[in-house]
Amino acid sequence: AKYTFLVAGVWSSKLLKPLELKIPLRPARSHVIQLSSTRKMPKPMVARRFASGDIVIKYQPRTGNILAAYSGAFDQDQATWSNQVDPQAIAWLHKESMHILPCLQGANVKSMHTTSLAMTPDNHAVFGLVPQLEGLAIAVGFAGRSYAFAPGVAKIMAGQFSGLKNTIDTSIFSPER
């Protein structure tokens with residue numbers, strides 16, 4: 001292949017280390033709980049920003065369950081490689097979910113888990129061709145929002161691969177910054 005595309009999230013910096021390439025990434029331990037509720041739930045995803053990170057709540061109509069996730073993006077207690085569930089974070093997420101959506105009052109926590117998100121110091125993703133290694137492209141540091149940015153980043157990257165001029169200034173996301 002002419003290009004290699006690295007999109008390994010928080011693990012990308014460890015994979016680049018043998019190539020002596022450094023991308024400043026740190027983990028943010030994100031907590032996810034699955035709730036059950038007998039009350040009517042809104043269909044759209046609901047999100048609320050806090051100083052320590054975001055809470056996103058999504059109803060799953062197929063199962064009737066609700067997922068609530070706390071990013072922990074700016075929470076120093078969550079800046080860890082640990083995948084252990086933090087009981088305080090779970091209790092806070094559960095309580096705040098009920099404040100955000102009162103229809104969740106009395107909802108039970110069915111399951112919980114964590115995942116690691118990739119954070120950059122300036123909270124801007126890093127994507128593009130890596131000038132030090134011909135044919136290497138990266139897209140990392142989306143802090144759990146890669147699903148939202150994937151279509152746009154893919155279009156921009158496809159333009160870079162094919163030599164097309166990009167009409168959007170992406171220098172803030174450059175691997176060289």
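Look up: the structure comes first, before these words.
In this report, we go over the structure that sits alongside the text. Here the structure is a predicted model, which means the values were calculated and not measured.

Rules used throughout
Residues numbered from 1 in each chain as written. Predicted model: local features only at pLDDT ≥ 70, side-chain atom pairs only at ≥ 80, totals over all residues. Heavy atoms only, no water. Helix = DSSP H or I, 4+ residues; strand = E, 2+ residues; numbered from the N terminus. Polar contact = N/O pair within 3.5 Å; in protein donor to acceptor, adjacent residues only side chain to side chain. Contact = heavy atoms within 4.5 Å. Salt bridge = Lys/Arg side-chain N within 4 Å of Asp/Glu carboxyl O. Buried < 20%, exposed > 50% of the residue type's maximum accessible area, 1.4 Å probe, protein only.

## Observations concerning the side chain of His-31
Moving on, step 1. Summarising the element assignment, His-31 is placed in strand 2 (residues 26–36).
Moving on, step 2. Within polar-contact distance, the side chain of His-31 engages the backbone nitrogen of Asp-86 at 2.9 Å.
Moving on, step 3. In contact with His-31, other than residues within four places in its own chain, are Ala-68, Ala-69, Tyr-70, Gln-78, Gln-84, Val-85, Asp-86, Ala-89, Ile-90, Leu-93, His-113 and Thr-114.

## Observations concerning the pattern of salt bridges
Moving on, step 1. This structure, assessed with the given rule, holds 5 salt bridges.
Moving on, step 2. Asp-122 is the partner of Arg-177 in a salt bridge, and the nearest nitrogen-oxygen pair spans 3.0 Å. Within this pair, whereas Arg-177 is found in the segment after helix 3 (146–162), its partner Asp-122 is found in the loop between strand 6 (108–119) and strand 7 (126–129), the two being separated by 55 residues in sequence.
Moving on, step 3. Overall, Asp-122 belongs to the partly exposed group, its relative accessible area being 35%.
Moving on, step 4. Several salt bridges converge on common partners, so that one network encompasses Arg-48, Lys-95 and Glu-96.

These figures come from the coordinates and say nothing about function on their own.
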